[in-house]
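Now for the letters of each chain:
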Amino acid sequence: MNHLDLTTIVNAMALAPNGRPVQEHQTAYRIALAEDWQIEPGMKLLELGCGQGDMTAVLGAAVGENGHVVAYDPAPLDYGAPITIGDAQQHLANSSFGKQLEVHLATDVMQNDITYPDNYFDGLVIAHASWYFDSLEQLQTTLRKVTPWCKQIFFAEWDITPRLANQVPHQLAVLIETQLAAFTPNSFANVRTLVTKGWLVEVLHELGYTVQTTSQDAMKMEDGYWEASYTAETGLAAVTAMSLPDKFKQLMKTEIRTLQTYDLTQMKTLDSFVITATRTDIQ
């Protein structure tokens, strides 16, 4: 794969005030993912859950002028802060990578009128978007629809098992958010369904893919701190306001107060698990 230039890609992104250092961390991490997946110039890729385009920008740079990235996200254009996904993707469309990007926002790939020929894409990319699905069944149904179009699957998500003690707050925040989302239909929370490596590998095997797994160090990423600090600050109020069984409500409050005992300024983001899956019928 051609060398991906961090500065060039970050310059293509819509940056929040004083947001360049964070964007550099986000982009460097996704460059490492693209290198793990061996994304090459000229590839045609499908991305689900593109959001504000952190992965989309790297994919656009990786496939180059002769490649193509088709990206979908069901969230409305005004979703996201401090920059909405609509504004972020429009900025990216106007960048040097825009001509190889085709982005569909407020669009669910499960719509009946969305279809592609078998093997149309070299790969499907889902990078830190799986936890936004409303259920494991919804994710599995989506994969059943789109995988015939894709020769490979490139997948990355946080690994719920901590490698280091200072990653435990991120794990605890994820578990708390997932439990709350179970009682909050149509939630806009960052963690709605907990997708684990073991579950996903089984599903991909059932869909006819051979699977290779690796891990990616995300220690410089801010995502764990954002998740843990948000949960520590807002969790108790959310639980108090919800109609929950008393015993479960007490458990949730205990978990949140446990999270509050950690010095979150010293915590680290969980590592991610990275999957490259290849259809057995095209190997």
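None of these values were measured; they are calculated from a predicted model.

J.: So what exactly am I meant to see when it comes to the overall build of the protein here?
T.: A tally of regular secondary structure across the protein gives nine helices and seven strands. Over its C-alpha trace the protein gives a radius of gyration of 19 Å, about what one expects of a compact globule, namely 19 Å for 283 residues. Overall, the C-alpha framework of the protein stretches about 55 × 45 × 35 Å when taken along its three principal axes. Relative to its full complement of 283 residues, the protein shows a buried share of 51%.

J.: It is not clear to me how the pattern of salt bridges should be interpreted in this structure. Could you clarify?
T.: Any two side chains of opposite charge can pair, on the condition that their charged atoms come close. Taken as a whole, this structure holds five salt bridges when the rule is applied. Linking D217 and R163 is a salt bridge whose minimum nitrogen-to-oxygen distance equals 3.8 Å. Highlighted residues: D217 in the loop between β6 (209-216) and α8 (223-241) and R163 in the loop between β5 (150-158) and α6 (168-181), separated in sequence by 54 residues. With a closest N to O distance of 2.9 Å, R279 and D281 form a salt bridge. Under the relative-accessibility criterion, D281 is labelled exposed at 55%.

J.: Sorry, what's going on with α6 here?
T.: Every α-helix carries 3.6 residues per turn, so stepping three or four residues along brings you back to the same face. With 14 residues, α6 extends 20 Å from end C-alpha to end C-alpha; this agrees with the ideal 20 Å at 1.5 Å per step. Burial within α6 is extensive, with eleven of its 14 residues counted as buried. Buried residues of α6: P169, H170, L172, A173, V174, I176, E177, T178, Q179, L180 and A181, and no others. At its buried positions, α6 is contacted by β5, α8 and α9 (246-260).

J.: I tried to follow the packing of aromatic side chains on my own but got confused; where do I start?
T.: Ring pairs (aromatic) are described by centroid distance and by the angle formed between their planes. Summed over the entire model, instances satisfying the criterion amount to eight aromatic pairs. Residues W37 and F154 carry aromatic rings whose centres are separated by 5.7 Å and whose planes lie at 35 degrees to one another, so their mutual orientation is tilted. Of this pair, W37 sits in helix α2 (residues 20-37) while F154 is found in strand β5, placing the two residues 117 residues apart along the sequence. On the basis of an interplanar angle of 70 degrees and a centroid distance of 5.1 Å, the ring pair of Y116 and W149 is categorised as edge-to-face. You can see Y116 sitting in the loop between β3 (101-105) and β4 (121-127) and its partner W149 sitting in the loop between α5 (136-146) and β5, a full 33 residues away along the chain.

J.: Looking at this structure, I do not really get the pairing of strand β2 (residues 68-73). What am I missing?
T.: The buried count for β2 comes to five of six residues, which makes it a mostly enclosed element. Summarising the sheet, strand β1 (residues 44-48) and β2 pair through five bridges and their orientation is parallel. From the neighbouring strand, L46 faces β2, where its bridge partner is V70. In terms of handedness, the path from β1 via helix α3 (residues 54-63) over to β2 forms a crossover that is right-handed. Judged from the five bridges that link them, β2 and β3 form a sheet pairing that is parallel. Directly across from Y72, in β3, lies its bridge partner H104. At this point the chain moves from β2, through helix α4 (residues 85-93), to the parallel β3, and the crossover so formed is right-handed.

J.: Before we go on, may I ask you to explain the nonpolar core in this structure?
T.: Here is a general trend for soluble globular proteins: nonpolar side chains tend to be buried in one another's company. In terms of nonpolar packing, the biggest core is built from 65 residues, with W37, I39, L46, M55, L124 and W149 touching the most fellow members. What L124 contacts, discounting residues up to four positions off in sequence, is L46, L48, L143, V146, C150, Q152, I153 and F154. Judged by nonpolar contacts, the second largest core, of 14 residues, contains L180, M242, M252 and L259.

J.: How should I be thinking about the confidence of the model for the protein in this particular structure?
T.: The predicted coordinates should not be examined in detail at positions where pLDDT is low. Across the protein, the average pLDDT comes to 92, with 97% of residues at 70 or higher. Least confident of the elements in the protein is α4, whose mean pLDDT is 91; most confident is β1, at 98.

J.: Help me understand the environment of A14, please; the structure alone is not making it clear to me.
T.: You can see A14 is positioned in the loop between α1 (6-11) and α2. Sequence spacing of A14 and S95 is 81 residues, and the spatial spacing of their C-alpha atoms is 9.9 Å.

J.: How should the packing of α2 against α3 be read in this particular structure?
T.: What describes two packed helices is the angle between their axes and the distance between those same axes. Between α2 and α3, the least distance of the axes is 9 Å, while the angle of their chain directions is 50 degrees. Viewed along their axes, α2 and α3 adopt a mutual orientation that is oblique. Helix-helix and strand crossings are classified by hand; for α2 and α3 the assignment is right-handed. Contact residues: α2 offers Q23, Q26, T27, R30, I31, L33, A34 and W37, while α3 offers D54, M55 and V58. Residue composition of the contact of α2 with α3, grouped by class: six nonpolar, three polar and two charged.

J.: I would appreciate a short explanation of unusual backbone geometry in the present structure.
T.: Of note, the phi angle at N119 is positive, near 65 degrees, even though the residue is not glycine. When you line up the elements, N119 lands in the loop between β3 and β4. On the basis of relative accessible area, N119 is assigned to the partly exposed category, the value being 31%. A positive phi angle is found at H128, which is not glycine, with a value near 55 degrees. Assignment of secondary structure puts H128 in the loop between β4 and α5.

Conventions used here
Residues numbered from 1 in each chain as written. Predicted model: local features only at pLDDT ≥ 70, side-chain atom pairs only at ≥ 80, totals over all residues. Heavy atoms only, no water. Helix = DSSP H or I, 4+ residues; strand = E, 2+ residues; numbered from the N terminus. Rg over C-alpha atoms; globule rule 2.2 N^0.38 Å. Buried < 20%, exposed > 50% of the residue type's maximum accessible area, 1.4 Å probe, protein only. Salt bridge = Lys/Arg side-chain N within 4 Å of Asp/Glu carboxyl O. Expected span 1.5 Å × (residues − 1). Contact = heavy atoms within 4.5 Å. Phe/Tyr/Trp six-rings, centres within 6.5 Å; stacked < 30°, edge-to-face > 60°. Pairing = 2+ DSSP bridges. Right-handed = clockwise from strand over helix to strand, strands pointing away. Core = buried A, V, L, I, M, F, W, Y, C linked by side-chain atoms within 4.5 Å. pLDDT = per-residue confidence, 0-100. Axes fitted to C-alpha atoms, helices over the stretch in contact; angles between N-to-C directions. Parallel < 35°, antiparallel > 145°, perpendicular 65-115°, else oblique. Left-handed = near helix turned anticlockwise from the far one by under 90°. Nonpolar A, V, L, I, M, F, W, Y, C, P; charged D, E, K, R; others polar.

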